[in-house]
Amino acid sequence: VAQASARSDRLLRASREAVAEKLRIQRLLTRLDALLCLPKTLRCDISEKRHRKAVKSYKSATEILGRHSAGFESLRSIEAECGEILKGLAEDLKKKLLWWGQADSGMSALSQSAVPPSSIAEIFECAGTLLMLQDTAFSPGLDRSQCQSLALSACTQFLKERLDPGRAVSFTPMNSPPNSPSRTQQLDATESNDEDMTGIISELPIAFLDGLLEATTLYGVSFPIMGDDDDSPASNGSELIGSFVQNNFDSFIEHVRVLLIRRSESFSQPIIEESKSQEEEERKDDANFIQVSLALAHLLRSVGELASGLALPEVGMDLSIASALVDQTVELAEMLVRLRITVKFNELRGLVLKECLTPLVREITQADKPDQKEESRSSSSLVEMIQLSSVALSDGLQMADDLIRATLQQSQATNTAAPVDSAVVKLAVQKNARLFGIWLASSLELLAGCEPSGDDKVLLEMEEEENEEDPKPKKKIIIAGLERDDESNGQHEDGMIISSLLVQLDECSDQAYSNFLLALCEMCRLAERSISTTLNQSIQSAMEEDARVAESANTLFGGTNPHRKGKDGLDVEHILSKRFQLAASRTLSMYILDRGAQAASHLCTGMLQFADARDPYAIPTRPREDVLRLFDIIKASCEDSISIMGGDLFASAVPSFPDEIDYANVFGDRLSGGSGGGATSGLKMDVERMFIENIQVYPHAFDELEFNRNSVISGILCVALSGLVECVRSSVFSSLGLRQMKVDAVLLRYLVPHYVKDVYGTPEANACTGVCNAIDDVMLNAEQRCVDPEVIGDDEYYDAEKDEIVTPFLLVQQFLFNDDGDQNVMERISFS
């Protein structure tokens, strides 16, 4: 066998050598043919946009052309022709890349100067070719970093054009993997039977993510990593591609955010059709929200696939950048869910205004129309108003409870579709529930006639100086960390409704409006005690599953279960209770101001008659009827106050009228002991004015008023007397007018202790004293404006008809206790 094999090898050796020689000649002929056809090959590759293949073909033939072109004219002509082709290619590709990478002019300038790229692969084909030509004689003059920047800038312009939803659907990137987002989109669209649902998903420019992944992958292929140094071009290139991915994804997520918000707002707009009920609109809105939730889930899944593709070793993207893309998408989904919850709570505000507060005002205004005696219906109407306000508050809280339960239960029901954790939904509900409570308190304040407490353009905060002599300064209700309602969209409509309600309340009688203010005050106090607990229980009961999980965790690991204790973050800092406490205090101050203004209008009636000087010897006979009307208001206010605040009906019993020796103790030095006149009276009155104690008439917007009868009545009297002082300062008094003011002042000083007393150790330590000082201030101003200085300090009046001397104290005593007078006067002006 060996001999036969050797013999066969000898016989076939020549044939094998001939075959090998022929194969070598064939290869040489093939290379020669390639050299001869090289210009044609280059033009063909360039026409088909295979620029890098053309450069590779030229580089492989460069060695032969450079070695043999000197001896062959044909090879020299081929070398020259190929050189011209590559030179033109380099200039054309450089011009294209510069045009495509123009960030300022964008694709509009590109469409006028050059053909736009058909795909991202064409951009990197161009940039990679220029990078290959960098070390040749046809170098375009662009280094590696410039090629990278221009390529990524061109990709940015190319991807921005694909953010148009209409174009994004028809755009399909090159070399899309089987599990790419665009293919997933097509699969989901075919599997879905709801055309509207696929319509929302199809509007998402998911193809943009495919283009972003393709650009990142081709960037790594076109510009491979050359080193690991921090200052190397590769390190700069990694930062460049990371910035490219982040910036383009920011543009994508912003576009999607605007798109979904627009769709969400179109869903939230009510459809005005008589045939459709509110329940049908709510069902349609819920169905639309499920569609948006599915679109968000699809978006999150697509971004997750993008992040997975970027994290592959072949791409080499930093994992922190890839994870940040997913975080941004999750944040977008949570923002849209929070936005929907905000819209729902804004709609709740309108419903509370229209279905709770508007019927309350309507009932009050209609009940005030029938002609009934005010005395017979004042107390009963106050009780009815308090009941109506309590019903309105409970109805509003019931609406809030229904909305909270529907929102949280819907979130649990659509948990498979919505890409948002139920804890995020719960936090959003808690925040909007707090904002709803703050809005409700502000709305009740506006109904009471207060200025908006959170409007910096209306309220000017003035710090008061601390008085060391003040035994008990008034407390302030300062709410730290009060959330601002910046996302509310229905404030203008709510303001219009409240304005219309205020117009209706202006038509009420004084008694009905005062009772309405007290009813609002009691409504705020009820909300202060119950709103936090009610809203918190609604949230907890709707999160039954989370409560069971928390209970089991408490059993296993110990500790406090917040779901059982009710402390889950709704109102941990008691902001709602403080806000309604402030609303109740401000509403009570409006009641005091309203009652005080009514009393002041009576006291100032007929002030022009006090200037009548036709009879210098005329004297008054009794206190004015308008002063008695003041006590009608005070007495009714006492009854109204104790009906909601409790306590005593009056401060102390009316004492017997004092003797002359006790006038100074009862009526004060100003009314009982003043003497002197003429030139010395002005100086004395100026000195007395310096020592009159200043009192706070109008409460500060953030003062915490005491909810008791004594505080309310003292406030009403201070407001009434303050109005009287201003009226006195603009009037002129004759001798009769000054004497009439003295008689009225004596009656006031006599009955004030019956209604008001000083409560030491409290903010009401000077309640009665302050009112008496206000009466003295009224007389001081009246004496300064008297045209007859001789009567100042003269308390003895000559009665020509009875031929006797009378004093203002005697006139008041005769009016109150004379058997010949009105027997019901004390019953009218006091509780004795």
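All of these numbers come straight from a predicted model, not from anything done at the bench.

1. Details of the overall build of the chain
Stage number 1. Along its length, the chain carries 29 helices and two strands.
Stage number 2. Expressed as a percentage of the 832 residues in the chain, the buried residues total 47%.
Stage number 3. Across the chain, contacts joining residues at least 24 apart in sequence account for 82% of those joining residues at least 6 apart.
Stage number 4. Accessible area for the chain stands at about 42,300 Å²; split by element, carbon and sulfur atoms hold 52% of it.

2. Let's talk about the nonpolar core
Stage number 1. Counting 136 residues, the largest nonpolar core has Phe345, Phe516, Leu588, Leu747 and Leu816 as its most contacted members.
Stage number 2. Examining the composition of this core, we find that 15 residues originate from one element, helix α18 (residues 510-542), more than from any other.
Stage number 3. Excluding anything up to four places from it in sequence, Phe516 contacts Leu360, Val361, Ile364, Met385, Leu447 and Leu505.
Stage number 4. Ranked by size, the runner-up nonpolar core spans 75 residues in total, among them Ile78, Ala127, Leu296 and Leu299.

3. What to know about the packing of aromatic side chains
Stage number 1. Per the stated rule, a full pass over the model turns up 13 aromatic pairs.
Stage number 2. Both rings, one in Phe208 and one in Phe252, keep their centres 5.5 Å apart while their planes meet at 10°; by these two values the pair is stacked. Of this pair, Phe208 sits in helix α11 (residues 207-222) while Phe252 sits in helix α12 (residues 233-268), placing them 44 residues apart in sequence.
Stage number 3. Classification of Phe208 by relative accessible area gives buried; the value is 1%.
Stage number 4. What makes Phe252 buried here is its relative accessible area of 0%.
Stage number 5. Judged by centre distance (6.0 Å) and plane angle (20°), the rings of Phe650 and Phe831 are stacked. Remark: Phe831 occurs in the segment after α29 (825-829) and Phe650 occurs in the loop between α22 (625-645) and α23 (663-672); sequence separation between them is 181 residues.
Stage number 6. Taking the relative accessible area as the measure of exposure, Phe650 reaches 27% and is therefore partly exposed.
Stage number 7. Put simply, the rings of Phe631, Phe650, Tyr755 and Phe831 touch in pairs and so form one group of aromatic residues.
Stage number 8. We note Arg525 situated over the ring of Phe707; from NZ or CZ to the ring centre the distance is 4.8 Å.
Stage number 9. Seen from the ring of Phe831, Lys635 lies directly overhead, with NZ or CZ sitting 5.2 Å from the centre.

Conventions we followed
Residues numbered from 1 in each chain as written. Predicted model: local features only at pLDDT ≥ 70, side-chain atom pairs only at ≥ 80, totals over all residues. Heavy atoms only, no water. Helix = DSSP H or I, 4+ residues; strand = E, 2+ residues; numbered from the N terminus. Buried < 20%, exposed > 50% of the residue type's maximum accessible area, 1.4 Å probe, protein only. Contact = heavy atoms within 4.5 Å. Areas by Shrake-Rupley, 256 points an atom, 1.4 Å probe, with all protein chains shown as cover. Core = buried A, V, L, I, M, F, W, Y, C linked by side-chain atoms within 4.5 Å. Phe/Tyr/Trp six-rings, centres within 6.5 Å; stacked < 30°, edge-to-face > 60°. Lys NZ or Arg CZ within 6 Å of the ring centre and 35° of its normal.

Spatial relationships are all this shows, so hold off on functional conclusions.
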